[in-house]
Amino acid sequence: MSTVDRDDPILKITKLTKSFGPIKALRGVDFELRRGEIHALAGENGAGKSTLMNIVDGILKPDSGEIRLDGVPINITSPAMAQKLGIGFVHQEIALCPDITVAENIFMGVTNTSRSPLMDYRALERRAGEILHRLGDINPAALVGTLPISQQQLVEIAKALTLDCRVLILDEPTAALTERESRVLFDIMRKLAAQGISIIYISHRMVEIFENCHRVTVLRDGQYITTMNVAETTPGDVVRAMVGRVIDSLYPPKLTAEEQSDEIILDVRGLTERSRFSDVSFSLRRGEILGLAGLIGAGRSEIVKGLCRLEGEVSGEVTLHGRRLRLRHYADSIAAGIVYLSEDRKGDGLFLDMSIASNVSALKLEQVARGGGIIDERAEADQAETLGARLNLKYGHVGQQVSSLSGGNQQKVAIAKMLSVNPKVIFLDEPTRGVDVGAKAEIHRILRDLARTGVGIVVISSELPELIGVCDRVLVVREGRLAGEVTGEAMTEDRIMYLASVGNERRLAS
Amino acid sequence: MKAEETTTMATPQAEKMDRTGSGAAGTIRRLLRMRETGLILIILVLFIAMSFASPYFLTWNNMRAMAMAFAVEGIVVVGMTILLISGGIDLSVGSVTALAMVIAGLLFLNGVDPWIASAMAIAACTAIGAGMGFFVTRVGLHHFIVSLAVMVIARGLCLLGTGGRPIGLYTLPPEFKFIGQGSIGVIPVVIVIFVVVVLVFDFLLRRTTMFRKVFYTGSNEKAAAYSGIRTKKVVFLTTTLCSGLCGVAGIIYMARFGSAQPTFGIGMELNVIAAAVIGGASLSGGTGTILGAILGTILLSVVSSSLALLDVSVYWQDIIRGSILLSAVTIDHYINKRRG
C-alpha cells in the first residue's frame, strides 16, 4: 500500500469516443484522475463533459477507448456497477424524494441495511448520521422536502458516499447555491479529498475552479484540449482553451461619467409585503444597470416578483417615467412596460415543447394578431426572427421547439420574449444561470446595449463577480430589507457579502 | 439521467434536422413527420383493405352510417381535446351528454318548446362545466377527481329524473327532429353540424390569441402565468366549454333518437379521450390538434365498423381498440424521445 503514489492515477481514460447518430460527442478524449485530487472538468455546454461523465458512470456505453480503474481495464455497464466500483455521481439536478426522510433517501440504493425484510429505521438513521457527520449538520430524520437546496445537495453527496466511494463526480453542484453555501460545499470537498477521495468537479465558474481545484482538464467540441495545474495557469488561459478564441473582456464597459444621467426611469417607494419584505425604496436611473445582491432567501426575487405583481399582496408606490402606476396583475405590469425574466428558465420561463416563435410572442399576443384576435403567423415569425437576429440567437427556423436549443440560446429566447413588448424596465433574475461562457458575455453585452438605449435594467444574481462586472450600482438585500448600496470602487465582493450577511451602513460605521 | 443526456446530445441533431426544414422539400418532410399524415395513411390502408374484404364496406349506406356514428361523439372530442390541451381532463362527458337529453326531454314533456328546452339543457350542462371549473381552479382539486364525482352525480340525476327508463318523445316536431335525422341534399344534417364545429374550433385553436393561451397554459402553467396569462380563467373556460359541447351533443342525440336515454354514453369518456390521444393530444397538456383528434375518432370508428362487418365478436372490439390506443401512445413516446 505504501507504494501507492499520490500521482498514480486512480482513473485513466484513453481515446474515448462516442457518437450519437451522426453527431460525434467525444472524439478520442483522454482524462486522468489522481488519488485525492480535486480535478475540474471545464468546457462550454455541448463540449462533451456530461457524455464523458455519463460513460464513467455506466449510463452510456463508449464506442471505443479504454477506461482503467486502479490500472485495471474495466467495462462499466450500469450506474449500479459504477457504484460497486466506488464511483459516485452527484447530478446537477437534485433527484431525491422530497416526501421521505434524509436517511431513507441516502440508503435508497441499499434499502435493507439489516438483512431483515422489515425496515429498521433506527439503524438507518444511525448509519445516515455517521455519514452526514462528515458533511455538516443535517438531521437524518428530516423530510428532504423541508431542507434548503444546499442541504439537499449535501444529502446527494452523502448518498454517493454510502458505497465506499473512491471517485466522486460533482456536476455543477453550486448552480443553485449561494456564495456562502458554496463555501461550505468546498470545505467538504477538500475534507473528502484529504481523506483520499478523488473528486471530478464539473463547473463553468473560474473562481470556483481556481480556489478549490488542483488540476483542470478542458474539453471543447468533444475533444480533449489540455490539462493544467491550476497553480500554474490563469483563468484567462482556461477560458481561452474552453472557447477556442480570445475573449478580450468578460464584461462590457460600464457607464462613463459623461453617460450618467439624473433622469429617473423607475421610482419605487415603500414596497411592502407582509411577511417577506418591507419598506423597499429605490430608484433606477436612465442608462445604468442596477444590481440586486443578497443571500438566497433574503427576498431579492420576492421583491421583484411582488413589484411586477407576479405573486403576493403588495403595497407601495411604483412610478414609471413620472407616472404613478396602478398594478393589480402581472398583465398590467406588462402593459405598463415592466417585465420579469424568471430565474428558472425551464420551470417557469419558457414553453419548452412549443416553438421559438410562439415563445417570443407570448407576453403580448395582440402584437402579432390582426383585428378579432386572429394570429398572423407571418408577423409572429417575423417578430421572432427580428429579435433572434438582434440577440444573435443560433437556431434553424423559428418553428423549432425551444427544447432543442442549448441553454444559452434558450435564455436568449427568454430574453427575446421580454424584448418583444418593447419594455421600459426589465428585471432579470439570474440571467446567466446555466449558460456557457461565450453566451454569458453576449448576454452581458445585450444588457449594456439595452441600458444605453434607455431601457431600465435590474439584474439579480448570486454570482458576485457577475454583479460587480456588469452593474453600475448594486443594492444589497438582507432579510427582506435593503441593507445598503455600493457603487464604483466600493463595489467589492467583501463589501457586498458584508452587507448581505451582517448588517447595514450604520452598524458598519459604528 | 438518461433524459438529460439525450437532451444535450439531441441539440445539434435537432438543429440540423430543422435546418433542412425550410423550403418546399422541407414542408413536405415536415408534413410527413406530422401525426395527422400517419393517421390518414392508416385510415386509407384500412379503407382499401376493407373494400376488398367486404363488399358492403365501401357502400354509401355504410359510409353514411359510420359518419353518423362518429359525428356527434366528434363534437365531444373537440371539447375534450381543447380541455386536454389546457392540461385538464373530463370523465363526466358521457353522463353530461345523457343529462342534456334527459333535461331537454323532461322539459319538453312538460310543455316547454323543444328549442327552448334544448337551450336550457345546454345552459345547464355549461353550468355543470362552470361548477367543475370552480372546484378545479378556485378550490384547487384535480380535474380527474372533480369530473369523476360529476360523472357519477350526473348519471344519478339522469336515472332519478327518468326512473331509469328511456323517455319516448314521439311528439317532437319534425323541424326539431330534422337536426338529428334530416339531410341537406345527400348529406345528413348531423354531419354538417359536425363539420362546422370542427372547422370553427380548428381555426380558433390554431389561429386565435384566445386559444393560443390554452396551449401556453397546458404547456407550462407557471410560465403562462409568468407571461401575464390568467391561467385559472383559461382552465375554467376550457372546462366549461367541454361540458357545453356535451350539452350540444346530447341535444343532437335526442333529435336523432327521438327519445331521451338516461343510460346513454356509459364509457363514452374512454372512447373520447382515446380518440384525442391517438390524434396527438397529451394528457400532460400543451399539445393536440382538432384535426388529429377527429382522425383518431374516425380511425376508431372505422375499426369498429370493419370488425362488425367481418363478424368479429363485439368482445374482441374493445380489446382491439385498447391495443390501438396503446400502440399509438407507444409510437408517439418513441418518436418524441428520439426528437429529444
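Residues numbered from 1 in each chain as written. Chains lettered and ligands numbered in written order. Predicted model: local features only at pLDDT ≥ 70, side-chain atom pairs only at ≥ 80, totals over all residues. Heavy atoms only, no water.

J.: How should I be thinking about the sheet that holds strand β9 (residues 215–220) of chain A in this particular structure?
T.: Sheet strands associate in pairs through backbone hydrogen bonding, adopting either a parallel or an antiparallel arrangement. Residue and element names in this part refer to chain A. Across the sheet, which stays open at both edges, the 6 strands sit in the order β6-β7-β8-β3-β9-β10 with mixed pairing between neighbours. In this open sheet, the two strands that pair with only one neighbour each are β6 (87–90) and β10 (223–229). Taken pair by pair, the neighbouring strands of this sheet meet at an average axis angle of 20 degrees, ignoring direction. Set on the sheet, helix α5 (residues 149–161) makes contact with β6 and β7 (167–171); between it and β6 the angle comes to about 165 degrees. The sheet strands contacting helix α6 (residues 179–194) are β3 (38–42), β7 and β8 (198–202), and the helix crosses β8 at an angle near 150 degrees. (Pairing = 2+ DSSP bridges. Helix = DSSP H or I, 4+ residues; strand = E, 2+ residues; numbered from the N terminus. Axes fitted to C-alpha atoms, helices over the stretch in contact; angles between N-to-C directions. Contact = heavy atoms within 4.5 Å.)

J.: I keep staring at a nonpolar patch on the surface and nothing clicks. Help me out?
T.: Residues and elements named next belong to chain B. A cluster of nonpolar side chains, Phe-134, Phe-135, Val-139 and Leu-141, forms an exposed patch at the surface whose accessible area comes to about 360 Å². The topology assignment puts Phe-135 in helix α6 (residues 114–139). The exposure class of Phe-135 is partly exposed, given its relative accessible area of 40%. (Patch = residues over 30% accessible without salt bridge, like charges linked within 9 Å, V, L, I, M, F, W, Y side chains within 5 Å. Areas by Shrake-Rupley, 256 points an atom, 1.4 Å probe, with all protein chains shown as cover. Salt bridge = Lys/Arg side-chain N within 4 Å of Asp/Glu carboxyl O. Buried < 20%, exposed > 50% of the residue type's maximum accessible area, 1.4 Å probe, protein only.)

J.: Which parts of the structure should I look at to understand the sheet that holds strand β13 (residues 289–294) of chain A?
T.: Residue and element names in this part refer to chain A. Across the sheet, 6 strands lie side by side as β16-β19-β20-β13-β21-β22; this open sheet has mixed pairing. The outermost strands of the open sheet, each flanked by one partner alone, are β16 (338–341) and β22 (481–487). Pairwise comparison of adjacent strand axes, ignoring direction, gives a mean angle of 20 degrees for this sheet. Pairing analysis gives 4 bridges linking β16 to strand β19 (residues 425–429), with the strands arranged parallel. Note that in β19 the partner of Leu-341 across the bridge is Leu-428. Running at roughly 145 degrees to strand β20 (residues 456–460), helix α15 (residues 437–452) makes contact with β13, β19 and β20 of the sheet. Across the sheet, helix α17 (residues 493–501) lies against β13, β21 (473–478) and β22, angled at about 30 degrees from β21, the strand it touches most.

J.: So what exactly am I meant to see when it comes to the packing of aromatic side chains here?
T.: The geometry of an aromatic ring pair comes down to the distance between the two centres and the angle between the two planes. Residue and element names in this part refer to chain B. Taken as a whole and judged by the stated rule, the model has 11 aromatic pairs over all chains. Here Phe-134 and Phe-135 contribute two aromatic rings whose centre-to-centre distance is 5.7 Å and whose plane-to-plane angle is 80 degrees, an arrangement assigned as edge-to-face. An aromatic cluster is built from Tyr-253, Phe-257 and Phe-264, whose rings are joined through pairwise contacts. (Phe/Tyr/Trp six-rings, centres within 6.5 Å; stacked < 30°, edge-to-face > 60°.)

J.: What should I look at first to understand the pattern of salt bridges in this one?
T.: Side chains bearing opposite charge may pair, as long as their charged atoms lie close to each other. Residue and element names in this part refer to chain A. Here the structure, examined in full by the defined rule, presents 30 salt bridges over all chains. With a shortest N-O distance of 3.0 Å, Asp-70 and Arg-35 are connected by a salt bridge. Placement of the pair is Asp-70 in the loop between β4 (64–69) and β5 (72–74) and Arg-35 in the loop between β2 (23–34) and β3, with a sequence separation of 35 residues. Glu-66 is paired through a salt bridge with Arg-68; the nearest N and O atoms lie 3.0 Å apart.

J.: What am I meant to see in the side chain of A:Ser420 here?
T.: All names here are of chain A. Mapped onto the secondary structure, Ser-420 falls in the loop between α14 (407–419) and β19. A relative accessible area of 7% means that Ser-420 is categorised as buried. One polar contact links the side chain of Ser-420 to the main-chain carbonyl oxygen of Lys-417, over a distance of 2.7 Å. If we ignore the near neighbours within four places in the chain, the residues touching Ser-420 are Val-360, Leu-363, Gln-367, Gln-383 and Leu-387. (Polar contact = N/O pair within 3.5 Å; in protein donor to acceptor, adjacent residues only side chain to side chain.)

J.: Got a minute to help me understand the state of the cysteines in this structure?
T.: Every disulfide links exactly two cysteines, by a covalent bond between their sulfur atoms. Residues and elements named next belong to chain A. Counted by the stated rule, this structure contains 0 disulfides over all chains. Sulfur of Cys-213: no disulfide; nearest cysteine sulfur belongs to Cys-165 and is 16 Å away. Exposure remark for Cys-213: the relative accessible area of 7% places this residue in the buried category. (Disulfide = S-S within 2.5 Å.)

J.: Help me understand the interface of chain A and chain B, please; the structure alone is not making it clear to me.
T.: A common way to state how big an interface is: give the accessible area lost once the parts meet. Taken together, the 53 residues of chain A in the interface contact 37 residues of chain B. Across the chain A to chain B interface the summed buried area is about 3,700 Å²; carbon plus sulfur atoms make up 57%. Taken together, the links from chain A to chain B amount to 2 salt bridges. B:Lys222 serves as the salt-bridge partner of A:Asp348, at 3.4 Å between the closest nitrogen and oxygen. Linking chain A to chain B there are 12 residue pairs in polar contact (both at pLDDT 80 or more). Secondary-structure elements contributing two or more residues to the side of chain A that touches chain B are β2, α1 (49–56), α10 (330–336), α11 (345–349), β17 (369–370), β18 (374–375) and α13 (377–390) of chain A. In terms of residue count, the dominant contributor to the side of chain A that touches chain B is α11(A) (4 residues). (Buried area = accessible area lost by both parts, 1.4 Å probe.)

J.: When you look at the confidence of the model for chain B in this model, what are you seeing that I'm missing?
T.: Where the model shows low pLDDT, its predicted coordinates should not be examined in detail. Residues and elements named next belong to chain B. Chain-level pLDDT for chain B is 88 on average; 89% of the residues reach the 70-or-more range. In the predicted structure, residues 1–22 sits below a pLDDT of 50 and forms 42 contacts with residues beyond four places in sequence or in another chain. Here the prediction assigns the complex a pTM of 0.76, and the interface score ipTM is 0.81. (pLDDT = per-residue confidence, 0-100.)

J.: Explain the environment of A:Leu170 here, please?
T.: Residue and element names in this part refer to chain A. You can see Leu-170 is positioned in strand β7. C-alpha of Leu-170 to C-alpha of Thr-14: the two residues are 156 residues apart in sequence and 21 Å apart in space. Residue contacts for Leu-170: discarding those within four places in its chain leaves Val-90, Ile-157, Met-189, Ile-199, Ile-200, Tyr-201 and Ile-202.

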